[in-house]
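# A look at the structure
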Amino acid sequence: MGVTSVVEQLKAELGSPGLVLSEADEVAAYTSDWTRKFSGVAPAVLRPRDTDEVRRCVLACRKLGLALVPQGGNTGLVGGSVPRAGEVVLSLSRLNKIENFDAASATVQVQAGVVLQALHEDLAGRGCVFPVDLGARGSCQIGGMIATNAGGIKVLRYGHMREQVLSLEVVLADGTVMSNLHGLKKNNTGLDLKHVFIGSEGMLGIITRAVLQARPAPEAVQTALLALDTRDRLPELLTMLRERLRGLSSLEIITQDSIALYKEVEPGTREPFDKAYPACVIVEEETGAGENERDGFLERLSGVIESGLAADAVVAESEAQAQAIWRLRDGVTEAISRAGLTHKFDVTVPPGALPGFLTQMERFGDEAGGLRTLLFGHLGDGNVHVNMMQKPELPEDEFLAKGPALAERIYSLVAELKGSISAEHGIGIAKRAYLHHSRTAEEISLMRGMKRLLDPDNILNPGVLFESA
Ligand code: FAD
Ligand code: MLT
Ligand code: ZN
């Protein structure tokens, strides 16, 4: 069946204007991922405006024997949000309404295409926060964040997306709309089906709405940047900060070479301290609003300096200074993406293993040759982002060819350390070959059974998690 006939048939089935995009330049905007490592062809992009149009799109694709890739903000980092072999892209971007805020339960009902930043801004006006935050906030959408069970910089205190979702509306592969939206804290009535779809990466159903738990905005947030003259005492630092900062909400690490790269890409950036240290750590604590709260924060941090766990510290005296500290962290991921192609490994290791693991990653990168190893991530969660970036002198094909062996080496070590091969980004296409390092054969078999039950014709995001049905 030629592309034209597929597009014509989709238009005939779906009719409404703006729903079916098929011009090559329009479609191209949806077929490459953020890392520039995954791209494919799609006969068309479907842009439904509401749940019923999503349902109609699914039925039309089924009728025409077309698979589809649900897409939110397309900021996913494992290749799951773009077509591989001729799937139709179904964009949720037009389902972008924040539908209802319930002050008494502090819950908010949103459509899947609401961008995270928009939700943050809406809730700020209500004295609340949505406690999941990440560098892609300007583009990632609530549906995509639920589908990948996104983590980010506040997991330490509030958990992942999973912990914020109270109920979902999902369109299943047969067009069934499963919708039981509520903001109940307690609803123990049989299997909690939302958890099947949270983290399912678009391969079990299309999330169209969610009811989320908002939280009261903290009265004040204290932010500091610590300079470490060694990474060897990270476990002690973690222990002390947890003990001393009861309102600890973020703990991020940026190693020296990641800061160096950020400065290369953003030349105006100053070294945060009077010299380059092996690593810097962002510490954030939610406190009361009294004027002595900052002094209390300084006092609690002083122990970290006195114990030698940190060599220096900068404590933000204003929101602007706090934002400048965060720009260092948020900017690293963007900078790496601008500086070159990268093999990304998003892993969790037990906190005690962190110092040795970081050194091992640098050794693996050196031994692979032609790579620049950049380490940063969510220290408080034991989540290290290992980015191995192509050096200019390494040809792209040789760079790409290094990926599988590197992945096998890194994930085998992570498995030995009883860590996880994917802390927060999911599996997608990028990591499906390594799933056995973190999941048992029995678990994988059960996941396959759930896929067969919910999507027997394998039309939802085929190839994600499993290479073949
Ligand atoms: P997409 O990329 O569009 O899709 C992601 C997956 O979800 C795909 O498999 C897609 O098919 C599926 N999907 C999308 N929408 C739906 C839907 N409505 N129903 C069903 N399936 C759907 N991630 C973190 O966890 N923590 C971080 O700290 C973090 N920081 C980042 C920083 C930057 C600069 C960037 C670019 C990315 C970062 N990410 C991070 C990765 C990414 O932002 C998250 O995975 C995010 O949840 C993806 O949301 P999205 O709307 O862009 O989804
Ligand atoms: C981050 O925390 O910046 C992200 O998860 C993205 C990355 O790993 O690059
Ligand atoms: Zn992250």
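Provided above is the structure to which this section pertains.
Computed from a prediction, not measured in an experiment: that's the story for all the values here.

## Regarding the site of ligand 1
- Within the structure, ligand 1 sits among 36 residues, and P70, G72, T75, G76 and T148 are positioned closest to it.
- In the environment of ligand 1, a nitrogen atom lies 3.3 Å from a nitrogen or oxygen atom belonging to the backbone of G152.
- In this structure, I207 approaches ligand 1 through a main-chain N or O atom, which is 2.9 Å from a nitrogen atom.
- Alone, ligand 1 offers 980 Å² of accessible surface; in the complex the protein occludes 97% of this.
- When residues of the shell around ligand 1 are traced back to their parent elements, those giving at least two are β3 (68-71), α5 (142-147) and β10 (206-213).
- For the shell around ligand 1, the leading source of residues is α5, giving four residues.
- Grouping the amino acids of the shell around ligand 1 by side-chain chemistry returns 13 nonpolar, 21 polar and two charged.

## Thoughts on the coordination of the zinc ion (ligand 3)
- In the first shell of the zinc ion (ligand 3), the protein supplies H378 (NE2), H385 (NE2) and E424 (OE), at 1.9 to 2.1 Å from the metal.
- Seen from the zinc ion (ligand 3), its six donor atoms lie at angles of 76 to 172 degrees, and the figure they make is octahedral.
- Look at where the donors of the zinc ion (ligand 3) fall in the sequence and you get H-x6-H-x38-E. Of this pair, H385 sits in strand β18 (residues 383-390) while E424 sits in the loop between α14 (403-416) and α15 (441-454), and the two are 39 residues apart along the sequence.
- In this structure H385 comes out as buried when scored by relative accessible area, which is 5%.
- Given a relative accessible area of 11%, E424 falls into the buried group.

## Some details on the site of ligand 2
- Around ligand 2, the structure places L77, R329, T333, K344, F376, H378, H385, E424 and H425.
- Interatomic distance of 2.4 Å between a side-chain N/O atom of K344 and an oxygen atom of ligand 2.
- H385 is positioned with one of its side-chain polar atoms (N or O) 2.9 Å from an oxygen atom of ligand 2.
- Taking 270 Å² as the accessible area of ligand 2 by itself, protein coverage stands at 88%.
- Where the shell around ligand 2 is concerned, the elements lending two or more residues are α11 (319-339) and β17 (371-378).
- Looking at the shell around ligand 2 residue by residue, the class counts come to two nonpolar, four polar and three charged.

About the cut-offs
Residues numbered from 1 in each chain as written. Chains lettered and ligands numbered in written order. Predicted model: local features only at pLDDT ≥ 70, side-chain atom pairs only at ≥ 80, totals over all residues. Heavy atoms only, no water. Near = heavy atom within 4 Å. Polar contact = N/O pair within 3.5 Å; in protein donor to acceptor, adjacent residues only side chain to side chain. Areas by Shrake-Rupley, 256 points an atom, 1.4 Å probe, with all protein chains shown as cover. Helix = DSSP H or I, 4+ residues; strand = E, 2+ residues; numbered from the N terminus. Nonpolar A, V, L, I, M, F, W, Y, C, P; charged D, E, K, R; others polar. Donors = N, O, S within 2.8 Å, 3.2 Å for Na, K, Ca; no water. Tetrahedral: all angles 85-135°; square planar, octahedral: opposite > 155°, others 65-115°. Buried < 20%, exposed > 50% of the residue type's maximum accessible area, 1.4 Å probe, protein only.

These values are about where atoms sit, not about what they do.
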